[in-house]
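Residue strings, one per chain:
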Amino acid sequence: MAKDVVPTKSPPIDTGGSPTGAGVLLSILRDGRPRTRAELAQLTGWARSTLSLRLDALLDQRLVAPTDDAIQSGGRPATTFAFNQSARVVLAADLGVTHARLAVTDLATTVLAERSAEMPIDRGPEPVLTWLVESFHELLGECGRGIADVCGIGVGLPGPVEHDTGKPVNPPIMPGWDRFAVPEWLSARLGAPVLVDNDVNIMALGEYWAVRSQVKHMIFVKIGTGVGCGIMSEGRLHRGVQGAAGDIGHIRVPSYEDVVCRCGNTGCLEAVASGGALAARLRAAGEHASVGRDVVGLVRAGNVSAIQAVRQAGREIGTVLASVVSFFNPSLIVIGGDLAEAGEHLLAGVREVVYSRSLPLATQHLGILPSELGDRAGITGAAVMVLEHVLAPEAVDQAVMAISDE
Ligand SMILES: [Zn+2]
C-alpha cells in the first residue's frame, strides 16, 4: 500500500497538450515558492499553452492558487501562483503499544488539530480503529474541516506491517491484529486512501522530511517498549522485501544468554535495552518503574541506578548499531522513542560503543543525535507517507485526467 517516498524533483517530461504533466508542475510548486507563468514556463520548458492547460487543471483542483502579491515585471504586475497547502487535509495516526497520537494536518504537514490519549493496542483492531474514526471526526470538527476534505489517512502501528497490503503480520504485542485489513476497514469508513506502516518507519520518514532532508543516509532508532530502526537510503525509506528491514530489536547481544525475549529467543537487544526491559530490571532492584517513561522519570530525578541502567542500555544498543554502521555507512543516527527522553545518558552510551567499534572511515562524519521532532515524529511521518502517495506526479495526473474526462 505504502509507496516509497522522496520529495520529488524529477526532470519534467513534456507529454504535449494535455493536463497530464500537472503532477510535475505541482511537484515544482510544492516547495512553497510563488512563481509567475513566465518562471514556470522557463522551469518546465513547456510552451505557454501547455503550461496554461496544466496550471488551470491544478487551479481547478485548488491545489494551486494565485497569490495576493503580484511581481512587478517590466512595469506590469504579473500574477504569481503557489501551492495551496490548505486545499485538503490528511488524517495521521501514530498508534503505540499503550499510547496513541492523532492529528489533522494540511498538505505541508502543518498540524491543524491534534490529540494524544491512552489507547492500549491490545484492545484489538476493531475497538482501537472505531475509537480512531470517532476521534478523527472530532478533530476535523475542531479545525472546521469535513470528511470531504480528507485526501488520505496515514497510520503507524507498533509491529511489523506487510508493505504491499498494509496488514500487520504476526505482531507480537498486538493480539487480534494479525493480518487484519486495516486499510480496507478504515477506508470503508473514512472514504479516502489509507496507508499503513510500522511506527519506526513513519518516524524515520517524518524526521527526514521535516528536519533532515539534506541527510541522504540516515538511521532512525526508536527505543521505547520495543527497539527498531527505520532506514533512509538515498532519501528513500528502505523497507526490504516484506517491510521487515530495520528490525534490530531481535539481534542478539553478547552476555545476556539468560534473558528470554518475548519472541522466544534469548539475549535479544529488545529484551535487554528497551524501556520495558529497563523498567523490569529497576523494579527487581526495588525501584518504582513499570514502563519506559518511569525510567526516564527516575533518570531526571537523578536516580543513580536508573542512570547507570540507561547508559548501559545505550552501550548495548551501540553494539548492534556499530554493526549497522559498518554495514550501511549512514551519515546520521537519530535516536527517538520514549527512552530517548532520558537524554545524554542514553546517547553517551550509544556514542561510546559506536565510535570505538566502527571503522574510522565510517565514523569520521557520523552524527548521533536525538530526534528533533520528538513525539511528533510519528504523526509527521504518517502525514508525509500519505502526501507522497496522493501528491505523487502520477497520482495528481490521474486525478486531473479523471476530472477532465467527466
Ligand atoms: Zn527477541
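Residues numbered from 1 in each chain as written. Predicted model: local features only at pLDDT ≥ 70, side-chain atom pairs only at ≥ 80, totals over all residues. Heavy atoms only, no water.

J.: Before we move on, can you summarise the packing of aromatic side chains with the specific residues and values?
T.: For the coordinates displayed, the defined rule picks out one aromatic pair. Taking the centre distance of 6.5 Å and the plane angle of 70 degrees together, the rings of Trp177 and Phe180 count as edge-to-face. Like Phe180, Trp177 is buried. Above the ring of Trp46, the side-chain terminus of Arg54 is found at 4.2 Å from the ring centroid. Of note, Arg189 hangs over the ring of Trp185, and the distance from its end group to the ring centre comes to 3.7 Å. (Phe/Tyr/Trp six-rings, centres within 6.5 Å; stacked < 30°, edge-to-face > 60°. Buried < 20%, exposed > 50% of the residue type's maximum accessible area, 1.4 Å probe, protein only. Lys NZ or Arg CZ within 6 Å of the ring centre and 35° of its normal.)

J.: An account of the sheet that holds strand β2 (residues 64-66) is needed here, citing residue identities and associated values.
T.: Judged by pairing direction, the sheet is antiparallel, and its three strands sit side by side in the order β1-β5-β2 without closing on themselves. Of all the strands in the sheet, just β1 (35-36) and β2 have a single pairing partner and so form its edges. Two strands pair when backbone bridges link them, and β2 and strand β5 (residues 80-83) are joined in this way by three bridges, in the antiparallel orientation. Note that in β5 the partner of Pro66 across the bridge is Phe81. This element, helix α1 (residues 22-29), spans β1, β2 and β5 of the sheet and lies at about 90 degrees to β5. Taken strand by strand, helix α3 (residues 48-60) contacts β2 and β5, and its axis lies near 95 degrees from that of β2. (Pairing = 2+ DSSP bridges. Helix = DSSP H or I, 4+ residues; strand = E, 2+ residues; numbered from the N terminus. Contact = heavy atoms within 4.5 Å. Axes fitted to C-alpha atoms, helices over the stretch in contact; angles between N-to-C directions.)

J.: Tell me about the nonpolar core, and please be specific about residues and values.
T.: Judged by nonpolar contacts, the single largest core of 49 residues is most densely connected at Leu25, Leu26, Leu58, Leu107, Met218, Phe220 and Leu391. Looking at this core, the element that brings in the most residues is helix α13 (residues 377-390), giving nine residues. Each residue touching Leu26, except ones within four places of it in the same chain, is listed here: Leu58, Leu63, Val64, Phe83, Leu391 and Val396. Listed in part, the 43 residues of the second largest apolar core include Ile231, Ala273, Val296 and Leu366. (Core = buried A, V, L, I, M, F, W, Y, C linked by side-chain atoms within 4.5 Å.)

J.: Account for the coordination of the zinc ion, with residues named and values stated.
T.: Of the protein atoms, only His250 (ND1), Cys261 (SG), Cys263 (SG) and Cys268 (SG) coordinate the zinc ion, at distances of 2.0 to 2.3 Å. One way to put it: the four donor atoms around the zinc ion meet at angles of 105 to 120 degrees, and that makes the site tetrahedral. Sequence spacing of the donors to the zinc ion: H-x10-C-x1-C-x4-C. On the basis of relative accessibility, which here comes to 38%, the residue Cys263 falls in the partly exposed class. (Donors = N, O, S within 2.8 Å, 3.2 Å for Na, K, Ca; no water. Tetrahedral: all angles 85-135°; square planar, octahedral: opposite > 155°, others 65-115°.)

J.: Can you lay out the confidence of the model for the protein for me, pointing to particular residues and giving the numbers?
T.: With 93% of its residues at a pLDDT of 70 or more, the protein has an overall mean of 91. Here residues 1-13 is modelled with pLDDT under 50, and outside its nearest four sequence neighbours on either side it reaches 42 contacts, counting other chains as well. (pLDDT = per-residue confidence, 0-100.)

J.: Account for the sheet that holds strand β15 (residues 367-370), with residues named and values stated.
T.: Backbone-to-backbone hydrogen bonds join strands into a sheet, with any given pair of strands oriented parallel or antiparallel. Pairing in this open sheet of five strands is mixed, and the strands run β13-β12-β11-β14-β15 from one edge to the other. The strands lining the two open edges of the sheet, one partner per strand, are β13 (236-237) and β15. Alignment of strand β14 (residues 332-336) against β15, held across four bridges, turns out to be parallel. Residue pairing for β15: Ile333 is matched across the bridge by Ile368. Together, β11 (217-223), β14 and β15 form the strand contacts of helix α11 (residues 344-357), whose direction differs from that of β15 by roughly 165 degrees.

J.: Give a detailed account of the pairing of strand β6 (residues 89-95), specifying residues and quantitative values.
T.: Within β6, seven of the seven residues are buried, leaving the element largely enclosed by the surrounding structure. In terms of strand pairing, β6 meets strand β9 (residues 150-157) through six bridges, oriented parallel. Residue pairing for β9: Leu91 is matched across the bridge by Ile153. Between the antiparallel neighbours β6 and strand β7 (residues 99-105) lie three residues.

J.: Go over the packing of α1 against helix α2 (residues 37-44), please, and point to the residues and values.
T.: The contact between α1 and α2 brings their axes to 11 Å, and the two run at 110 degrees. Taken together, the axes of α1 and α2 lie roughly perpendicular to each other. Between α1 and α2 lies a crossing of right-handed hand. Of the residues in α2, those touching α1 at Leu25, Ile28 and Leu29 are Leu40, Leu43 and Thr44. Of the residues in the contact of α1 with α2, the class split is five nonpolar, one polar and no charged. (Parallel < 35°, antiparallel > 145°, perpendicular 65-115°, else oblique. Left-handed = near helix turned anticlockwise from the far one by under 90°. Nonpolar A, V, L, I, M, F, W, Y, C, P; charged D, E, K, R; others polar.)

J.: Residue-level account of helix α4 (residues 125-142), with values.
T.: In this model α4 runs 25 Å from its N-terminal to its C-terminal C-alpha over 18 residues, within 8% of the 26 Å that 1.5 Å per residue would give. Along α4, the residues that are buried comprise Pro125, Val128, Leu129, Trp131, Leu132, Val133, Ser135, Phe136, Leu139 and Leu140. Summarising the contacts, the buried residues of α4 are in contact with β6, β7, β8 (111-118), β9 and α5 (182-190). Gly144 sits one or two positions beyond α4 and adopts a positive phi of about 70 degrees. (Expected span 1.5 Å × (residues − 1).)

J.: Tell me about the environment of His389, and name the residues and values.
T.: As for its position among the elements, His389 is in helix α13. For the pair His389 and Gly152, spaced 237 residues apart in sequence, the C-alpha separation works out to 8.8 Å.

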